[in-house]
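# Results of the structural survey
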Amino acid sequence: MTVESTAARKPRRTTKRAGAKKPPDATKPELVQLLTPEGKRVEHPDHSIDLTDDELRGLYRDMVLTRRFDAEATALQRQGELGLWASLLGQEAAQIGSGRALRDDDYVFPTYREHGVAWCRGVDPTNLLGMFRGVNNGGWDPNSNNFHLYTIVIGSQALHATGYAMGVAKDGSDAAVIAYFGDGASSQGDVAEAFTFSAVYNAPVVFFCQNNQWAISEPTEKQTRVPLYQRAQGYGFPGVRVDGNDVLACLAVTRSALERARRGEGPTLVEAFTYRMGAHTTSDDPTKYRRDEEREAWEAKDPILRLKTYLTAEGIADDGFLAELDRESDGLAQRVREAIRLMPDPDTMAIFENVYADGHALVDEERAEFAAYQASFAEEVS
Amino acid sequence: MTVESTAARKPRRTTKRAGAKKPPDATKPELVQLLTPEGKRVEHPDHSIDLTDDELRGLYRDMVLTRRFDAEATALQRQGELGLWASLLGQEAAQIGSGRALRDDDYVFPTYREHGVAWCRGVDPTNLLGMFRGVNNGGWDPNSNNFHLYTIVIGSQALHATGYAMGVAKDGSDAAVIAYFGDGASSQGDVAEAFTFSAVYNAPVVFFCQNNQWAISEPTEKQTRVPLYQRAQGYGFPGVRVDGNDVLACLAVTRSALERARRGEGPTLVEAFTYRMGAHTTSDDPTKYRRDEEREAWEAKDPILRLKTYLTAEGIADDGFLAELDRESDGLAQRVREAIRLMPDPDTMAIFENVYADGHALVDEERAEFAAYQASFAEEVS
Amino acid sequence: MAADIAAGKPQKLPLAKAINESLRKAMENDPKVLIMGEDVGKLGGVFRVTDGLQKDFGEDRVVDTPLAESGIVGTAIGLALRGYRPVVEIQFDGFVFPAYDQIVTQLAKMHARALGKVKLPVVIRIPYGGGIGAVEHHSESPEALFAHVAGLKCVSPSNSADAYWMMQQAIDSDDPVIFFEPKRRYWDKGEVDTESIPGPLHRARTVREGTDLTLVAYGPMVKVCLEAAAAAAEEGKSLEVVDLRSMSPIDFDTVQGSVERTRRLVVVHEAPVFLGTGAELAARITERCFYHLEAPVLRVGGFHAPYPPARLEEEYLPGLDRVLDAVDRALAY
Amino acid sequence: MAADIAAGKPQKLPLAKAINESLRKAMENDPKVLIMGEDVGKLGGVFRVTDGLQKDFGEDRVVDTPLAESGIVGTAIGLALRGYRPVVEIQFDGFVFPAYDQIVTQLAKMHARALGKVKLPVVIRIPYGGGIGAVEHHSESPEALFAHVAGLKCVSPSNSADAYWMMQQAIDSDDPVIFFEPKRRYWDKGEVDTESIPGPLHRARTVREGTDLTLVAYGPMVKVCLEAAAAAAEEGKSLEVVDLRSMSPIDFDTVQGSVERTRRLVVVHEAPVFLGTGAELAARITERCFYHLEAPVLRVGGFHAPYPPARLEEEYLPGLDRVLDAVDRALAY
Ligand SMILES: Cc1ncc(C[n+]2csc(CCOP(=O)(O)OP(=O)(O)O)c2C)c(N)n1
Ligand SMILES: Cc1ncc(C[n+]2csc(CCOP(=O)(O)OP(=O)(O)O)c2C)c(N)n1
Ligand SMILES: [Mg+2]
Ligand SMILES: [Mg+2]
C-alpha cells in the first residue's frame, strides 16, 4: 500500500522561478543609517554615535586619503607598474567605519580589497602594492598591525578569523576579530562553516560582509534571494544591515558588534550595503554586464561627499582643513608613486625561500641545482 | 587620529561561553505534531492530514517491517554476515512518513541510514545489505526506484539532490526531489551551498534533516546553538520542525513541502526531531558518551507504539491484523537471512569494472596484468 | 566567423575562441549540454571562453552560478544524474580545490559505486598554468592531483584544433573529464578544421620527428618544446616532440615507440616535478624501455615551492634554456 | 601504564596507544597543543587514539568540532596564527577532501605567502589505508595528493616506537605535517622507549639488511615487506627493506645508498601506483643510480580503480605474493 500523494494530480509547474517573497520584518528598519546621502544626521533606535569634531574630521581624512591612494594605484596599473589592481572605490565608508571601530589588539582577516581597513591598521599603503605588482604574495608582517595578509581564495579567511577568535577566547583576552568578505563569498561553504563554528564556540568574531552588489559580473541575486544579513539568524547570532556608504553607521554598528564579541556573546554578521563603483579589478570590463545608470544612481550616495556636506554644513571642516587634506593627498600619491618605482624585484632564489619554516631536503636539492644552473650561464658569459 | 573605541576599557570577558538566547518565536508552535506520544490525534493549524484506515494501517505496517528488517540486519552483523550496520531504530516514523509522501517520479537522495525510505521506494531490502557486507558500494540501480545510492561522505548528496532538482525544473516536470541528511551533516559546507543553490534557482527540493540528536558521539549542540529548522530562513525558504516520531506529522509536513516544490515555490527544510535509539553503527559504543536515561526518555516517544495505541484504540487495527503483520515480519526476516547467505562474493576482476564508462587504457593494462598474475598461480598449482 | 565555422571552412582561431566554437557546436547538437560556472553568462567568463553563449542559448543553458565551487560541481553531478551533460567552468586553477571533494569522492567514483548503472558525463574546464603575470592562485598546474584519481580523465590541448576537437570529444564522453586549458595559449591562433577529427581524445601525437631524444609535453609546454627542438636543430641535435594531450590515461605506447627509437626522454611540464606527470612517465617508460634507454628519463618542471609571484615566474617556469639544459644533460650520458 | 611511560620505562604498546601517549606527552609539555576533530572528546575518536585526553585536559584543549572538515582545518589555521599548535584528527582518509582546499591553498602556502612571518605548526592526523574490512571511503591512501603539494610534510610510522616519536617531532615542527596513521596496524604492539629518539623525522630507516634487492615501503606495507623478505630468505634471496617513514621530503640518500649496493628496487604502497610515491622513487632513483640498476624500478600498489568493497580488498591490496612476484620479476632482469 502506498499513501496516495495528494499532489499527484497537480498541473505542471507554470512559473519555474516564482521567486520568494521577502518575509517582512516590521520590528526594525532594514538599513541602519546615521547620515543620509544628503548629509543629514539621523538617529537610529538601536545604534547611536557621538564623535568629537576631531574624530569626524579623522574619518573624513581617512576616506579621502584611502580614495586617493586607490586612484593612484589604479593609475599605476595603467602605467604598467602594477599587474592588477582591485579598487575599493565606493566602499570607503564601509572600510573606514569598520576599521576605526577596532582596537589595536583586535585582529583583522581581510580579503583582497580592504585597502581602507589596512589604512586604519597602519599598514603602509605601498606594502599593499607588492602582490599586485607581482613582487610578493603579501608584503607585510601580519602580526605587526594585527592585519592578516590579503586572501584570494574566496571565503577561506572566514575560518581563519573564527579559529583565531577561538584562540583569543582561550587566552581569556577580550580582543575581538573581524573577518571581511563580499556578497559573492557568502555562498562559499567555508563562510557557512565559519558561521557554525563561531556560533558553537561562541567565538568573539565579527563577520563584516561588504555587499557591493556584485561578484565580478554576478549581481547579488545570484547568491541569495533574501538580504544577506538575515543569514546569521539561522546560525543563532544576530545579523544587521548597515548603510555601507555611511561611515558613522558603519562605525557604530561594527563597534557594537565588537563589544558584543568582547562581552563573550559571540559572533555578529554585519552586512554593509554598498556599491562597487569601479570595475571588479583593472582586468574587468563592467560594461559587459551592468548598466551605467546603476552606477550613476549610487554616485548620489557617495560616502565621502555626504560626510563632507555634513562637516561643512556643521562648520566642522573649513576650507583650510580641506585644502590641507588636498595637499596631504597629493603627498600620499607622490610617495606611493615614488615608492613603487623603488620597489625592488625579488631575488630569483626567493622562489625557494620560506617554503618551509624548518627546511625540506627536496627544496634544498632543487635550490642547489637551480643555483648551479644559473651559475652555468655566468660561466658561459665570462 | 584614531577613533577611540568605546570598548577599550571594558573588563575581561568573564563568561567565555555565554551561549545564545534562543530567539522566541511566538507565532507558531515549534514542533508540528499530529499524534502525541500517548497516541492521541491532535490538530495543527498549518498541517492537517486525513487518511483512510487502509493508509493508516499501511503506515504502521511499513514501520513495523522496517524495524524488523533493521533488527535482522543488526543480528546479521553480530553473526558476521555484515561488516557493519547503521541502524535506523527510532527513526521509522521520520522515514516512513516522509517516504510515503513521495510520488513515484520524485527522486530521493539518501544518506546511509535511510532503510525505511528505501522500503517506501520499493528497493529490495536485501539490496541495502550489499555495501554493509562488503560485496559492493551500493547494490541497486538508482533509476529503478528513483532512489539514489547511499552516500557516505556527509552532506555531499544535498548538492546532488539540488542539481537533480534543477534538472527537474529545466525539464518542466512537476516532480520533486528530497535530500536526507542528519543533524551532524547540517554543519557541512556542502549542505549550506545546497541551500544557496536551491534558493537561488528555486529548485524543487525538500531538505529532510533527521535530527536524531547525535552525530556519532556529538550532541546537536556541537553543530548549532539554535534549532536546525531555523537555518532555512536565512537562505530565503521556510524551515519547519516536525515531531520525527510522529509518522502522521512527518507525512503531512513532507507532503506540503513537496507540494510547495511542485508549485514552483522552491526548497523547504524539514527538521524531523527524533532520536537515534541505537548505537551510531554496530562499531560504535554509545555508553562512552551518553547516558541511558536519555534513551529511556525517548522510549516513551516510540513512533510505532504510539501509532499502535491510536490504531487499536480507534479500532483500526485488530488482533488479526497485528498477528498477520507479525507473520509477515517473520517472513521478511527469514527472507533477508536467507538472501544474505546466498549473496555471492564479487568476482575479483570486478575491481576493474565500471571504473570508467568508456574505458581507460591504464585500467585495461592493469586488468590484463592482474589476470596474468592470477593465472600464474593456477599454472603453479596445475 | 561563426557562419564560416558552421560551414566547416578551416579557420585560424585563437585557442579560446576554438573552445567557444566547440561549446557552441555541442550545445547546438545536444539540448542536454549545459554551461555552468561563475561569470560564464553575460561576461562570457573572465577569459571570454563562453562569450555570447548565454545570449544565444539563454540563462537556462548557460548558468551563472553562486560563488561556490563545491556547489557548482555537486549540482553538476545532480544534473548529470538527471540526464544533462554539464560543462563546468572553474575560473582559475587555484580555485578548483573547494570542489575537490565532490570531484574525487563523488564525480570520480559514482559510476563505479552504482556498478555502472549511472553515468557522469561532466566536463570540468580549468584554465591552468602560468605565464600571464597573474596574482597568487591564478597560475597553477594541478593536473597530477586529478590524474592520480581513478574515475577521472584528464586532457589538455596545446593548440586551437585540438582545443576544438578535444572539447567535442570530452563532452561526448560518458566519463568525467577534467579539461585543462593552457591559459597562456588562449590567444595563440591556429587552424581549425571543423570537419576532420584529429584522432582519439587520449592519443598522444608526435608533433615533430627526431632521432636523438624525445621531448614529451602537453598543454602550454608543447610550444616551448617545439621551440627547443628548433633551437637544438640548429646545433645539429634532432629532437622528437610528442604532445601527450592526455594525462589520464597516458598514451604510453606512443611515447614508448618514440623512445625505442631515440633512446632518450625528457619530460616537460609546468607542474612541480615531484610526483608530477613526469614521474609516472619516467617510471613507466623506464620499465618499458629499460634496455633501450641510454640515459635516465630527465624531467623539467616546476619546483617544490608555491607558484612564485609574477616577477619570478619566468625563472620558475620551464623555458627554452631549461629544456635545452636537460636535453644536453640527457645527451651527455 | 601512563605512569610507566612517564617514567620512561620501555613499554610494549599498540600503535594507537603509542600515539595516544605521545599526544598526552605533547599536551603536558606545551599548553599550546590542542586536539581537534570529530568525536575526539568523550569518545576518544573512533579508533580511541585520543582516549582519555579530554577527561584529563578538558574541553578547551580537546575539542569536539562540528562535522565539517574544512571548518576544522580552517579554524586550526586561525588557532595556529594565534600561537596554538593544533593536532587535528580527520576521522578517515576518505573524509579529508572537504578540507583539501584549506590544506592546499592556505595551510601549505601561508608561511611562504607571509614571507616567513607566520608559522603554521598544524598536524593533521589521518588514519589511512585498508585491510580492516570497512565500507567505502574508509580504506584509502591519498598521501600522493599531499606530498605533491609544496609546503606540506607527509610522514607515516610503521610501528609503535616511530608512532610515538614521529608524533612528538611532528608536533614540534613549525611546518604543517600530514601524519598518516596506518590504521590496520593500530593494534600491533611494539616496544616504545620514551627516552631515546629513534632519529630525525624525515630520515628513512633500513629495517632489514640484504644484498640482492631493496624493498622500499612505509606505514602499513613495511610489515608486508618484512614478511616478504623473510619468505624470500627461505628461497635464498637476500632482500633489504627500507622503511621510508617520510613521503615528503623523501630521504632519497638512504634509498640510493641501498640501491647502489643491491642494484634492484621494488617500491610497495597501498596507494594506486599511477602517480603514487613509487613513481617519484622510480624516477629519481633511476636518475641517481642509472649505472647501478640491473633492473627497472618496479612498483607494487593499488590499481587505478576506486578502493574496492571489503570482500575484494585482499586481492586489491599488495600482499606477500604480489611483492614476491615483483621481486622475482626484478631479479629476472
Ligand atoms: C574560491 C574562489 N573562486 C573564485 C575566485 C575568483 N574570484 C575572485 S573575486 C570573485 C568575486 C568575489 O565577489 P565578492 O565576494 O562579492 O567580493 P568583491 O570582489 O565584490 O569585493 C571571484 C569569483 C576566487 N578568488 N576564489
Ligand atoms: C565528510 C565526512 N566526515 C566524517 C564522516 C564520518 N562520519 C560518519 S557518520 C558521522 C556522523 C553523522 O551524523 P549525522 O549527520 O547526525 O547523521 P546520523 O549518523 O546521526 O544519522 C560521521 C562523523 C563522514 N562519513 N563523512
Ligand atoms: Mg561583491
Ligand atoms: Mg544525527
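Here the structure is a predicted model, which is why all the values come from computation and not from measurement.

Another aspect to go through is the overall build of chain A. When its secondary structure is counted, chain A shows eleven helices and eight strands. Here the C-alpha coordinates of chain A stretch approximately 85 × 75 × 50 Å along the principal axes. Burial statistics for chain A: of 382 residues in total, 64% are counted as buried. Restricting to contacts in chain A with at least 6 residues of sequence separation, those with at least 24 account for 75%. Here chain A displays about 13,600 Å² of accessible surface, and carbon together with sulfur accounts for 48% of that area. Of the side-chain charges in chain A, 43 are positive and 59 negative, and the distance between the mean point of each set is 10 Å.

Another aspect to go through is the UniProt feature "domain: Dehydrogenase E1 component" (unreviewed entry) in chain A. Within the UniProt annotation, "domain: Dehydrogenase E1 component" (unreviewed entry) is assigned to residues 61-341 of chain A. Here residues 61-341 of chain A is 45% helix and 11% strand, with 26 Å between the C-alpha atoms at its ends.

This brings us to the site of ligand 1. The local shell around ligand 1 holds 20 residues, among which A:Tyr112, A:Arg113, A:Ile152, A:Gly184 and C:Glu69 are the closest. More than a single chain frames ligand 1: its nearby residues are located in chains A and C. With respect to ligand 1, the side chain of A:Tyr112 contributes an N or O atom lying 2.6 Å from an oxygen atom. Contact between ligand 1 and A:Ile152: a nitrogen atom at 2.8 Å from a main-chain N or O atom of the residue. Protein chains shield 96% of the accessible area of ligand 1, which is 580 Å² for the free molecule. Looking at the shell around ligand 1, its residues break down into ten nonpolar, six polar and four charged.

Facing the 41 residues of chain A at the interface are 45 residues of chain D. The junction of chain A with chain D conceals about 3,400 Å² of combined surface from both sides, 58% of it contributed by carbon and sulfur atoms. The interface formed by chain A and chain D holds four salt bridges in total. For A:Asp171, the salt bridge is made with D:Arg82, and the minimal N-O distance between the two is 2.7 Å. Here chain A is connected to chain D by 23 residue pairs in polar contact (both at pLDDT 80 or more). Counting residues per element, the side of chain A that touches chain D draws most heavily on helix α5 (residues 156-170) of chain A, at ten residues.

Attention now moves to the domain arrangement of chain A. One widely used convention gives an interface's size as the accessible area the parts lose upon coming together. For chain A, the domain assignment lists domain 1 (53-342) and domain 2 (347-382). For domain 1 of chain A versus domain 2 of chain A, the distance between C-alpha centres works out to 38 Å.

Once that is clear, we can look at the coordination of the magnesium ion (ligand 3). Residue and element names in this part refer to chain A. Listed as protein donors to the magnesium ion (ligand 3) are Asp 183 (OD), Asn 212 (OD1) and Trp 214 (O); their distances from the metal cover 2.1 Å. Spacing between the donor residues of the magnesium ion (ligand 3) along their common chain follows D-x28-N-x1-W. In this pair, Asp 183 sits in the loop between β3 (177-182) and α6 (189-200) while Trp 214 sits in strand β5 (residues 214-215), placing the two residues 31 residues apart along the sequence. For the pair shown, Asp 183 and Trp 214 are each scored as buried.

Let us now look at the coordination of the magnesium ion (ligand 4). Residue and element names in this part refer to chain B. Bound to the magnesium ion (ligand 4) are the protein donor atoms Asp 183 (OD), Asn 212 (OD1) and Trp 214 (O), situated 2.0 to 2.1 Å from the metal. Within one chain, the residues donating to the magnesium ion (ligand 4) are spaced in sequence as D-x28-N-x1-W. Of this pair, Asp 183 sits in the loop between β2 (177-182) and α6 (189-200) while Asn 212 sits in the loop between β3 (205-211) and β4 (214-215), and the two are 29 residues apart along the sequence. In terms of burial, Asp 183 and Asn 212 fall into one category: buried.

Turning to the packing of aromatic side chains, a few remarks are in order. Pairs of aromatic rings are described using the distance from one ring centre to the other and the angle between the two planes. Enumeration over the complete set of coordinates arrives at 84 aromatic pairs over all chains. Ring centres 6.4 Å apart and planes at 55° place the aromatic pair A:Phe181 and A:Phe207 in the tilted group. With A:Phe181 in strand β3 and A:Phe207 in strand β4 (residues 205-211), the pair connects residues that are 26 residues apart, well separated along the chain. Per residue, the accessibility class of A:Phe181 equals that of A:Phe207, and both read buried. When the centroid spacing of 5.9 Å and the interplanar angle of 40° are considered together, the rings of C:Tyr291 and D:Tyr333 count as tilted. Highlighted residues: C:Tyr291 in the loop between α11 (277-288) and β14 (298-302) and D:Tyr333 in the segment after α13 (320-331), drawn from two different chains. Since its relative accessible area comes to 60%, C:Tyr291 is described here as exposed.

Looking now at the site of ligand 2. Around ligand 2 lies a shell of 20 residues, among which B:Tyr112, B:Arg113, B:Ile152, B:Asp183 and D:Glu69 are the nearest. More than one chain reaches ligand 2: its neighbouring residues belong to chains B and D. Within the side chain of B:Arg113, an N or O atom sits 2.7 Å from an oxygen atom of ligand 2. The fraction of the free accessible surface of ligand 2 (580 Å²) that becomes covered by protein chains is 95%. Taken together, the residues of the shell around ligand 2 break down into ten nonpolar, six polar and four charged.

To continue, consider the environment of D:Phe180. All names here are of chain D. Here Phe 180 is to be found in strand β7 (residues 177-182). For the pair formed by Phe 180 and Val 155, sequence separation is 25 residues and the distance between their alpha carbons is 6.1 Å. Once you skip the residues sitting within four places of it in the chain, Phe 180 turns out to touch Ile 126, Tyr 128, Pro 142, Glu 143, Phe 146, Cys 154, Val 155, Ser 156, Pro 157 and Met 247.

Turning next to the domain arrangement of chain C. All names here are of chain C. Partitioning chain C into structural domains gives domain 1 (2-192) and domain 2 (205-331). Domain 1 and domain 2 are separated by 26 Å when their C-alpha centres are compared. On the side of domain 2, 25 residues touch domain 1, which itself brings 28 residues to the contact. Counting the surface lost from both domain 1 and domain 2, the interface buries some 1,900 Å², and carbon and sulfur atoms represent 49% of this. On inspection of domain 1 and its partner domain 2, the count reaches four salt bridges.

About the thresholds
Residues numbered from 1 in each chain as written. Chains lettered and ligands numbered in written order. Predicted model: local features only at pLDDT ≥ 70, side-chain atom pairs only at ≥ 80, totals over all residues. Heavy atoms only, no water. Helix = DSSP H or I, 4+ residues; strand = E, 2+ residues; numbered from the N terminus. Buried < 20%, exposed > 50% of the residue type's maximum accessible area, 1.4 Å probe, protein only. Contact = heavy atoms within 4.5 Å. Areas by Shrake-Rupley, 256 points an atom, 1.4 Å probe, with all protein chains shown as cover. Lys, Arg positive; Asp, Glu negative; His and termini not counted. Charge placed at Lys NZ, Arg CZ, Asp CG, Glu CD. UniProt positions renumbered as here; feature names shortened; annotations may be inferred. Near = heavy atom within 4 Å. Polar contact = N/O pair within 3.5 Å; in protein donor to acceptor, adjacent residues only side chain to side chain. Nonpolar A, V, L, I, M, F, W, Y, C, P; charged D, E, K, R; others polar. Buried area = accessible area lost by both parts, 1.4 Å probe. Salt bridge = Lys/Arg side-chain N within 4 Å of Asp/Glu carboxyl O. Domains from an automatic or database assignment. Donors = N, O, S within 2.8 Å, 3.2 Å for Na, K, Ca; no water. Phe/Tyr/Trp six-rings, centres within 6.5 Å; stacked < 30°, edge-to-face > 60°.

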